[in-house]
Amino acid sequence: MYTHSTQIRIHYALTDQMGVVYYGNYAQFFEIARTEAIRELGFTYKELEAMGVMMPVSDMHIHYRKPIRYDELITVSVTVKEWPIGKKITFHGEVHNEAGEKCTTSDITLYFVDANTMRPVQMPDELVQVLQPFFLD
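The structure displayed is predicted, hence computed values, not measured ones.

(A) Region of interest: the pairing of strand β1 (residues 2-9). Along β1, the buried face is formed by Y2, H4, T6 and I8; none of T3, S5, Q7 and R9, which line the opposite face, is buried. Alignment of β1 against strand β4 (residues 73-80), held across eight bridges, turns out to be antiparallel. In the sheet register, H4 faces β4, and the bridge partner there is V78.

(B) Local environment of the sheet that holds β4. Here five strands make up an open sheet; going across it, the order is β1-β4-β5-β6-β3 and the pairing antiparallel. Two strands lie at the open edges of the sheet, namely β1 and β3 (57-64), each paired on one side alone. Along the sheet, successive strands turn relative to each other by an average axial angle of 15°, direction set aside. Direction of pairing for β4 relative to strand β5 (residues 88-96): antiparallel, over a ladder of five bridges. Across the sheet, the residue bridging to V78 is G93, located in β5. Each of β1, β3, β4, β5 and β6 (102-111) touches helix α1 (residues 25-40); the most contacted strand, β1, lies at about 125° to it.

(C) Structural view of α1. Relative to the 22 Å expected for 16 residues at 1.5 Å per residue, α1 spans 23 Å between its end C-alpha atoms, a close match to the ideal helical length. For α1, the complete set of buried residues consists of N25, Y26, F29, F30, A33, R34, A37 and I38. Downstream of α1 by a residue or two, G42 has a phi angle that is positive, lying close to 105°.

(D) Quick peek at the side chain of S106. Summarising the element assignment, S106 is placed in strand β6. Exposure remark for S106: the relative accessible area of 2% places this residue in the buried category. Ignoring any residue separated from it by four or fewer positions in sequence, one finds S106 in contact with F30, H61, I62, F91, H92 and G93.

(E) Up close: unusual backbone geometry. Positive phi, close to 75°, is recorded for D71, a residue that is not glycine. For D71, the position within the fold is in the loop between β3 and β4. By relative accessible area, D71 is classed as partly exposed at 41%. Positive phi, normally seen in glycine, also occurs at M118, with a value near 60°. Following the sequence through the fold, M118 ends up in the loop between β7 (113-114) and α3 (125-131).

(F) Focus on the nonpolar core. Ranked by internal contacts, the top residues of the largest apolar core, which has 34 residues, are F29, I68, I74, V76 and I89. In terms of residue count, α1 provides more of this core than any other element does, six residues in total. Contact partners of V76, with chain neighbours within four places excluded, come to H4, S5, T6, I8, F29, F30, A33, E94 and V95.

(G) Representation of the side chain of E94 in the model. With respect to the helices, strands and loops of the structure, E94 is situated in strand β5. Polar side-chain contacts of E94 include one of 3.5 Å to the side chain of K102. Apart from residues no more than four positions distant in its own chain, E94 is found in contact with F30, T75, V76, S77, K102, T104 and T105.

(H) Geometry of a nonpolar patch on the surface. Taken together, the side chains of Y22, Y23 and Y64 define a hydrophobic patch exposed on the protein surface, amounting to about 330 Å² of accessible area. Mapping Y22 onto the fold places it in the loop between β1 and α1.

Criteria and cut-off values
Residues numbered from 1 in each chain as written. Predicted model: local features only at pLDDT ≥ 70, side-chain atom pairs only at ≥ 80, totals over all residues. Heavy atoms only, no water. Buried < 20%, exposed > 50% of the residue type's maximum accessible area, 1.4 Å probe, protein only. Helix = DSSP H or I, 4+ residues; strand = E, 2+ residues; numbered from the N terminus. Pairing = 2+ DSSP bridges. Axes fitted to C-alpha atoms, helices over the stretch in contact; angles between N-to-C directions. Contact = heavy atoms within 4.5 Å. Expected span 1.5 Å × (residues − 1). Core = buried A, V, L, I, M, F, W, Y, C linked by side-chain atoms within 4.5 Å. Polar contact = N/O pair within 3.5 Å; in protein donor to acceptor, adjacent residues only side chain to side chain. Patch = residues over 30% accessible without salt bridge, like charges linked within 9 Å, V, L, I, M, F, W, Y side chains within 5 Å. Areas by Shrake-Rupley, 256 points an atom, 1.4 Å probe, with all protein chains shown as cover. Salt bridge = Lys/Arg side-chain N within 4 Å of Asp/Glu carboxyl O.

Below is the structure:
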């Protein structure tokens, strides 16, 4: 299992008329955490794209539990709980507020696709090599 956490400070542009984070912004929070998780593994999305691999989202489920408000410092965690099977990878996400309360959860599935054909491909060997140690028993 591989987990990475990123902190984000909520600014005004992320909130709605009710003063809470607009629901559509959560996809962006999880994207930031996934991007930083890949970076922590020694890659960037930009490098994966240069290798000819893109990772479009194919499925996203988000459950909103508690509101998050302006100026809160949130922690966004993403976890790969199971070894990626086939040509897709699923990230489980959680957002916690400053008090440590779980506010939002997600499951987001992405496919590895060839940048030119947009057809599914296997996870790049370079990514397999750095991710695999997290799944050894």
